[in-house]
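Residue-level structure breakdown
Chain by chain, the residues:
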Amino acid sequence: MTDSRVPRRRRFLVCEPRHFAVQYAINPWMRPDAQVDVDLAREQWQTLISTYDAHGHTVDAVDPVPGLPDMVFAANSAVVVDGRVFGSLFHAPERRPESTHYDTWFTSAGYDVHRPESVCEGEGDLVWTGRYVLAGTGFRTSREAHREVQEFFGHPVISLTLVDPRFYHLDTALFVLDDSTGGNNIVYYPEAFTPGSREVLARLYPDAVLATHDDAMAFGLNSVSDGRNVFIAPQAEALAARLGEHGYVPVPVDLSELHKAGGGIKCCTQEIRS
Ligand code: ARG
């Protein structure tokens, strides 16, 4: 069965955690008194990058900026579909300056960046499935932004409401396993959503892999899949095993140091879809 899963080469945008720290608390995982080992964070992050490389994915990097400790979470800075870049407007004032640096990178790479009018945190809440954009709201990205995203891309945007502050971004509660039209499928943790949103997901994805509370607490939903290989937190052992049964190949990468800021593998990875 494993051989039926076909990987697609991706282009990722990342940012080294050179200035990583937990200096403020904007989600329940962040404890300002947390001791952060920057060298360990950099080592773990480097392993993620070499793992992508070893699997044939291309990685571009934005230069980290001192004083922006969350800049490592590249996924939050934009969502790119069909080569169009929808930038971010962060909820927390502490993170707002990150946008300029990412926008500069996109501009010099030859992209125009759309600046959103309302709060919008990129791929943190906007998940491209290959058919439409699943869009989270409740803690960060606003519903107004969902409308703006639909106008911008001309792809259907499906609003989903998050209810558990520990799963404050959609990418902490759901990820896409396969964005090809044939195999389109996702993994999600139902309890992170309102009953209505759960029903929407059940209708759209009757064959979805459902994650447990333990999977979600282990950052198992903050994974990246290339259609075959699933880059996943080793702490999410049970979910990894279930994905194996579904024919995917779990590739464990430990970002435990970054979990202290409430982020994992997907948070550190933005996909550039040309
Ligand atoms: N400390 C960051 C924040 O709360 C973590 C962001 C994690 N990123 C993500 N895509 N979920 O904004």
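An account of the accompanying structure is given in this report. (Residues numbered from 1 in each chain as written. Predicted model: local features only at pLDDT ≥ 70, side-chain atom pairs only at ≥ 80, totals over all residues. Heavy atoms only, no water.)

This part takes up the site of the ligand. What surrounds the ligand is a group of 17 residues, the closest being Asn27, Asn76, Arg95, Asp171 and Cys267. Take arginine 140: an N or O atom from its side chain is 2.9 Å from an oxygen atom of the ligand. For the ligand, the protein covers 100% of the area, taking 340 Å² as the surface of the free molecule. Partitioning the shell around the ligand into residue classes produces 6 nonpolar, 7 polar and 4 charged. (Near = heavy atom within 4 Å. Polar contact = N/O pair within 3.5 Å; in protein donor to acceptor, adjacent residues only side chain to side chain. Areas by Shrake-Rupley, 256 points an atom, 1.4 Å probe, with all protein chains shown as cover. Nonpolar A, V, L, I, M, F, W, Y, C, P; charged D, E, K, R; others polar.)

Its location among the elements puts serine 142 in the loop between β7 (133-137) and α3 (143-153). Excluding residues that lie within four positions of it along the chain, serine 142 makes contacts with Ser118, Val119 and Thr137. (Helix = DSSP H or I, 4+ residues; strand = E, 2+ residues; numbered from the N terminus. Contact = heavy atoms within 4.5 Å.)

Overall, mixed pairing links the 3 strands, which are arranged β12-β13-β14 in an open sheet. Two strands close off the open sheet at either side, each with one partner strand: β12 (224-225) and β14 (249-252). Examined bridge by bridge, strand β13 (residues 229-232) and β14 share 4 bridges and lie parallel to one another. Of the residues in β14, the one forming a bridge with isoleucine 232 is proline 252. (Pairing = 2+ DSSP bridges.)

Spatial relationships are all this shows, so hold off on functional conclusions.
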